[in-house]
Amino acid sequence: MSQTPNSAAPKVQEFLQWFAALESDEQDVLMTLIYREKKVRDVVRSLGAMGLEQRREVFERLGLPADLVSRIPAPDPATLTEAEVEWVDWKAPGS
């Protein structure tokens, strides 16, 4: 379903015109949704690149259900690397 740049250009222009016609508060809402979606995709991509043991450790430290580990597709063995994760202990505000 890959499109060449020329075949996508009219759709991009149409989208940009539609977006520009939105009220500024609607543009802000849409951009916030898009940004959040991108962050979620980045997290899923990072988790998907981790080995199973590293993934389990991350989920355990975050307190996420173990069955979520199996929902993320297994990584391509050729791209498997140890992701660098910086652990920072979370402190509740006011503690």
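Criteria and thresholds
- Residues numbered from 1 in each chain as written.
- Predicted model: local features only at pLDDT ≥ 70, side-chain atom pairs only at ≥ 80, totals over all residues.
- Heavy atoms only, no water.
- Helix = DSSP H or I, 4+ residues; strand = E, 2+ residues; numbered from the N terminus.
- Buried < 20%, exposed > 50% of the residue type's maximum accessible area, 1.4 Å probe, protein only.
- Contact = heavy atoms within 4.5 Å.
- Patch = residues over 30% accessible without salt bridge, like charges linked within 9 Å, V, L, I, M, F, W, Y side chains within 5 Å.
- Areas by Shrake-Rupley, 256 points an atom, 1.4 Å probe, with all protein chains shown as cover.
- Salt bridge = Lys/Arg side-chain N within 4 Å of Asp/Glu carboxyl O.
- Lys, Arg positive; Asp, Glu negative; His and termini not counted.
- Charge placed at Lys NZ, Arg CZ, Asp CG, Glu CD.
- Arc of directions from axis to C-beta.
- Expected span 1.5 Å × (residues − 1).
- pLDDT = per-residue confidence, 0-100.

Trainee: Whenever I open this one, the overall build of the protein confuses me. Can you help?
Mentor: A count of helices and strands for the protein gives three helices and zero strands. When the elements of the protein are put in sequence order from the N terminus, they spell out α-α-α. The 95 residues of the protein split such that 15% are buried. The long-range fraction of contacts in the protein, counting pairs at least 24 apart against all pairs at least 6 apart in sequence, stands at 48%.

Trainee: Just to check I follow, could you spell out a negative patch on the surface for this structure?
Mentor: Together, E23, D25, E26 and D28 make up a region of like negative charge exposed at the surface. Topologically, E26 is positioned in helix α2 (residues 24-49).

Trainee: Would you explain the pattern of salt bridges in this entry?
Mentor: Side chains that carry opposite charge are capable of pairing whenever their charged atoms lie near each other. The full count for this structure, using the stated rule, is four salt bridges. Note that D42 and R45 form a salt bridge whose closest N and O atoms lie 3.0 Å from each other. Within this pair, D42 and its partner R45 are both found in helix α2, separated by three residues, close to a single helical turn. In this structure R45 comes out as exposed when scored by relative accessible area, which is 55%. The network of salt bridges with common partners includes K38, D42 and R45.

Trainee: Please explain helix α3 (residues 52-62) as it appears in this structure.
Mentor: Because an α-helix completes one turn every 3.6 residues, residues spaced three or four positions apart along the sequence face the same direction. Looking at α3, one finds that the buried residues are Q54, R55, V58 and F59. Angularly, the buried residues of α3 cover 135° about the axis, an arc narrow enough to put them on a single face. Turned more than 90 degrees away from the buried face of α3 sit E53 and E60, all of them exposed. For α3, the elements touching its buried residues are α2. Of the residues flanking the end of α3, it is G63, one or two places downstream, whose phi is positive at about 75°.

Trainee: Sorry if this is basic, but what is going on with α2 here?
Mentor: Taking 1.5 Å as the rise per residue, α2 with 26 residues should run 38 Å; its terminal C-alpha atoms sit 37 Å apart, in good agreement. Those residues of α2 that fall on the buried side of the exposure criterion are Q27, L47 and G48.

Trainee: Is there a simple way to explain the confidence of the model for the protein in this structure?
Mentor: One rule of thumb: low pLDDT means the predicted coordinates there are not for detailed reading. Averaged over the protein, the pLDDT score is 78; the fraction of residues at 70 or greater is 69%. Put simply, α3 is where the protein has its lowest mean pLDDT, 84, and α2 is where it has its highest, 88.

Trainee: Please explain a nonpolar patch on the surface as it appears in this structure.
Mentor: On the surface, a nonpolar cluster with roughly 380 Å² of combined accessible area is contributed by V12, F15, L16 and W18. Within the fold, V12 resides in helix α1 (residues 5-21). Classification of V12 by relative accessible area gives partly exposed; the value is 42%.

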